[in-house]
Amino acid sequence: MSIWNPWHGCKKISAGCKNCYVYRRDAEFGKDSSIVSRTADFYLPRKRKKNRDYKLTAADGPVYTCMTSDFFIEEADAWRGEIWQMIKERADLHFIIITKRIHRFLSCIPEDWGEGYENVTIECTCENQEMTDQRLPVFLSLPIRHRELIHEPMLGPIDAGAYLKTGKIEHVTCGGESGPDARLLDYGWVLAVRETCIRYGVPFYFKQTGAHFRKDGRTYLIKRKDQLSQARKAAIDYDGKQSEEQKSQCPVNESDRENESIEKVLCALSRSKFRTGFSLKEKDRIYISEKGMDTVRRHAEEILEKRLCPAVIPNDGKQTPMRGHPVFIAQHATACCCRGCFAKWHGIPAGRTLTEAEKAYAVDVIMEWIRREMER
């Protein structure tokens, strides 16, 4: 990768900016990071070596642009036109622009932008659920060819399932915060985002642990030099593709990622002697026919809210009856009966409250199993 910083300096606009590494680094030299100014590298894409070759080449990888500022900051409005022109000139390079100011996008693009330049990826940073719900609806509504999402620094649990479901986001990155005042990153938050990415077939990258990292209830202080390598050791990156083994075991409809995820897990469960031992009895079928699937779905939502969604469940593993309601039977058949089984079969970790997307997913799995049972 290459880095191109045509201007330097930024102004903090949300929680993720609190411990900005640019401010921290500039402070060491007595520099005011809130002052935005052009740099000596402003024309870097046009600069050449003595042999007339460009200094920036495609072989060096993507060009990360404005890493010590925000590309869409107001103070750079007068300069941005020249930057777009250079990006157009260097169609051989791919430029990556990371921003928290996606709300300014439409007022900052060139006249010939159209649906976006093919050699530009816009990455929107959302550090918590509030910013996710504030920025992503705007992000998805804009004319952009390549969109990626960044949760870094990740400051809490984030459910972006409704946005990933659109298929418009090509990649998701999670990472912690570095520096002496770094805020905590919980591994469970990262795994939850990963699971959502897998559900919708979106590539996922765990970039770094940050300085304060919690896993399985234990908090670690990780040195800066080890934060990237520790994330690599977790080995949880996801390329957005099924393995050939998965495809051969569970052929699925690629056009519907949510149905694909449910089909995969039901296919796997069908090979379990224990899970296939559960089925709807005649009285269960009569109950469902009389009440209707919408009512049963509402019952499932209410039951899971109490028996599966909480972070801590009394007597977890024994809280779901074997009879008494069709949803109870379906819970056992689909491994949605307790957090231990749910983690094993569905990859959603125990020890934290389920997100709304995860709850909806569990209900969908249960209702799909019931639907199939009713059609038998």
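Keep in mind that this is a model prediction, so the values were computed, not measured. The numbers attached to residues start from 1 for each chain and follow its sequence in the written order. The predicted nature of this model means local features are confined to residues of pLDDT at least 70 and side-chain atom pairs, given and counted, to a pLDDT of 80 or more, with totals for whole chains, interfaces and linings taken over all residues. Hydrogens and waters are ignored; side-chain quantities use all the structure's heavy atoms.

Visitor: Honestly, the overall build of the protein chain in this entry has me stumped. Any pointers?
Guide: A tally of regular secondary structure across the protein chain gives 13 helices and 12 strands. Each principal axis of the C-alpha atoms in the protein chain carries an extent, and together these give about 80 × 45 × 35 Å. For accessible areas, the Shrake-Rupley method is used with a probe of radius 1.4 Å. Any residue's cover is judged against the shown protein chains and nothing else. Only carbon and sulfur atoms are counted for the fraction: they give 51% of the accessible area of the protein chain, which is about 18500 Å². In this tally, Lys and Arg are treated as positive and Asp and Glu as negative; His is ignored, and so are the chain termini. By convention, the point assigned to a charge is CZ for Arg, NZ for Lys, CD for Glu and CG for Asp. A distance of 4 Å separates the average location of the 61 positive side-chain charges in the protein chain from that of its 54 negative side-chain charges. Each helix is a run of H or I in the DSSP string that is no shorter than four residues. Each strand is a run of E no shorter than two, and both are numbered from the N terminus.

Visitor: Can you walk me through the nonpolar core in this structure?
Guide: Most often, soluble globular proteins keep nonpolar side chains buried together rather than apart. Counting residues in hydrophobic clusters, the biggest one holds 61 residues, and the most contacted among them are Trp 7 and Phe 204. Those elements that provide at least two residues to this core are helix H2 (80–89), strand S5 (95–99), strand S6 (120–125), helix H3 (129–141), helix H4 (161–164), strand S8 (172–175), helix H5 (187–200) and strand S10 (204–208). Here the element with the most residues in this core is H5; it accounts for 8 residues. The definition of a nonpolar core used throughout is a set of buried Ala, Val, Leu, Ile, Met, Phe, Trp, Tyr and Cys residues joined through side-chain atoms within 4.5 Å. Buried, partly exposed and exposed residues are distinguished by accessible area as a fraction of the type maximum, computed with a 1.4 Å probe on protein chains only: under 20%, between the cut-offs, and over 50%, respectively. Judged by nonpolar contacts, the second largest core, of 34 residues, contains Leu 269, Ile 303, Trp 369 and Ile 370.

Visitor: Explain the layout of surface pockets here, please?
Guide: The method is simple in principle: a probe with the dimensions of a water molecule rolls over the atoms, and the space it marks as empty is what remains. Computed over the protein atoms alone on a 1 Å grid, cavities are sets of points where a 1.4 Å probe fits but cannot get out and pockets are open sets with protein on both sides within 12 Å along at least five of seven lines; a residue lines them when it has an atom within 4 Å of a point. Grid points are joined across faces, edges and corners, and a volume is the space filled by probe spheres set on the points. Of the pockets and cavities examined, the largest pocket occupies roughly 1200 Å³. Of all the secondary-structure elements, those providing two or more residues to the lining of the largest pocket are helix H1 (21–27), S5, S6, strand S7 (146–151) and S10. Residue contributions to the lining of the largest pocket peak at 5 residues, all from H1. Partitioning the lining of the largest pocket into residue classes produces 18 nonpolar, 13 polar and 13 charged. Side-chain classes are defined by residue name, with Ala, Val, Leu, Ile, Met, Phe, Trp, Tyr, Cys and Pro counting as nonpolar, Asp, Glu, Lys and Arg as charged, and the others, Gly among them, as polar.

Visitor: Can you walk me through the packing of aromatic side chains in this structure?
Guide: To describe a pair of aromatic rings, you give the distance between the ring centres and the angle between the ring planes. Centres within 6.5 Å make a pair out of two Phe, Tyr or Trp rings, where for Trp the six-membered ring is used; the pair is then stacked when the planes are under 30 degrees apart, edge-to-face when over 60, and tilted otherwise. Overall, the coordinates contain 15 aromatic pairs when judged by the stated rule. When the ring of Phe 105 is compared with that of Trp 113, the centres are 5.6 Å apart and the planes differ by 75°; the resulting orientation is edge-to-face. The exposure class assigned to Phe 105 is buried, which follows from its relative accessible area of 0%. On the basis of relative accessibility, which here comes to 3%, the residue Trp 113 falls in the buried class. The structure contains a cluster of three or more aromatic residues connected by ring pairs, namely Trp 7, Phe 71, Phe 72, Trp 79, Trp 84, Phe 105, Trp 113 and Tyr 117. As a reminder, the over-ring test applies to NZ of lysine and CZ of arginine, requiring each to be within 6 Å of the ring centre and within 35 degrees of the ring normal. In this arrangement the basic side chain of Arg 48 is found over the ring face of Tyr 54, its NZ or CZ atom lying 4.0 Å from the centre. Positioned above the aromatic ring of Phe 139, the side-chain terminus of Arg 147 is 5.9 Å from the ring centre.

Visitor: In this structure, what is going on with the confidence of the model for the protein chain? I would like to understand it.
Guide: As a note on interpretation, predicted positions should not be read in detail where pLDDT is low. Within the protein chain, residue pLDDT values average 91, and 95% of them lie at 70 or more. You can read pLDDT as the predictor saying how much it trusts each residue, on a scale of 0 to 100. Whether two residues touch is decided by their heavy atoms; if any such pair falls within 4.5 Å, the residues are in contact. This model gives residues 243–257 a pLDDT under 50, and the stretch forms 21 contacts once residues within four places in sequence are excluded.

Visitor: Got a minute to help me understand the sheet that holds strand S12 (residues 218–221) in this structure?
Guide: Within a beta sheet, neighbouring strands are joined by backbone hydrogen bonds and run either parallel or antiparallel to one another. In this analysis, strands are considered paired if DSSP registers two or more bridges between them. Read across the sheet, 3 strands follow the order S9-S11-S12 without closing on themselves; strand pairing throughout is mixed. The two strands at the open ends of the sheet, each matched to only one other strand, are strand S9 (185–186) and S12.

Visitor: Would you mind going over the pairing of S12 with me for this structure?
Guide: Walk down a regular strand and you will see the side chains alternate between the two sheet faces. For strand S11 (residues 212–215) and S12, the ladder comprises 4 bridges, and the chain directions are antiparallel. What sits directly across from Phe 213, in S12, is Tyr 220. Linking S11 to S12, which pair antiparallel, is a turn of 2 residues; within it Asp 216 sits at a positive phi near 55°.

Visitor: Sorry if this is basic, but what is going on with helix H10 (residues 293–307) here?
Guide: Residues spaced three or four apart along an α-helix face the same direction, because each turn holds 3.6 residues. Working rule for helices: expected span equals 1.5 Å times residues minus one. Here H10 spans 20 Å end to end across 15 residues, near enough to the 21 Å set by a 1.5 Å rise per residue. Buried within H10 are the following residues: Thr 295, Val 296, His 299, Ala 300, Ile 303 and Leu 304. Seen end-on, H10 carries its buried residues on one side only, within an arc spanning 165°. At its buried positions, H10 is contacted by helix H9 (282–291), helix H11 (326–333) and helix H13 (356–375). The directions from the helix axis to the C-beta atoms are what the arc is built from.

Visitor: What's the story with the packing of H9 against H13 in this structure? I'm lost.
Guide: Helices that pack against each other are described as a pair by the angle of their axes relative to one another and the distance between those axes. For every element, the axis is a line fit to its C-alpha atoms; helices are fit only across the contacting stretch, and the angle between N-to-C directions ranges from 0 to 180 degrees. Between H9 and H13, the shortest axis-to-axis distance is 11 Å and the interhelical angle comes to 110°. Put simply, H9 runs roughly perpendicular to H13. In this structure, H9 uses Arg 285, Ile 288 and Ser 289 to contact H13, whose residues at the interface are Ile 370, Glu 373 and Met 374. Split into classes, the residues belonging to the contact of H9 with H13 amount to 3 nonpolar, 1 polar and 2 charged. Throughout, the term roughly parallel applies to angles under 35 degrees, roughly antiparallel to angles over 145, roughly perpendicular to angles from 65 to 115, and oblique to all others.

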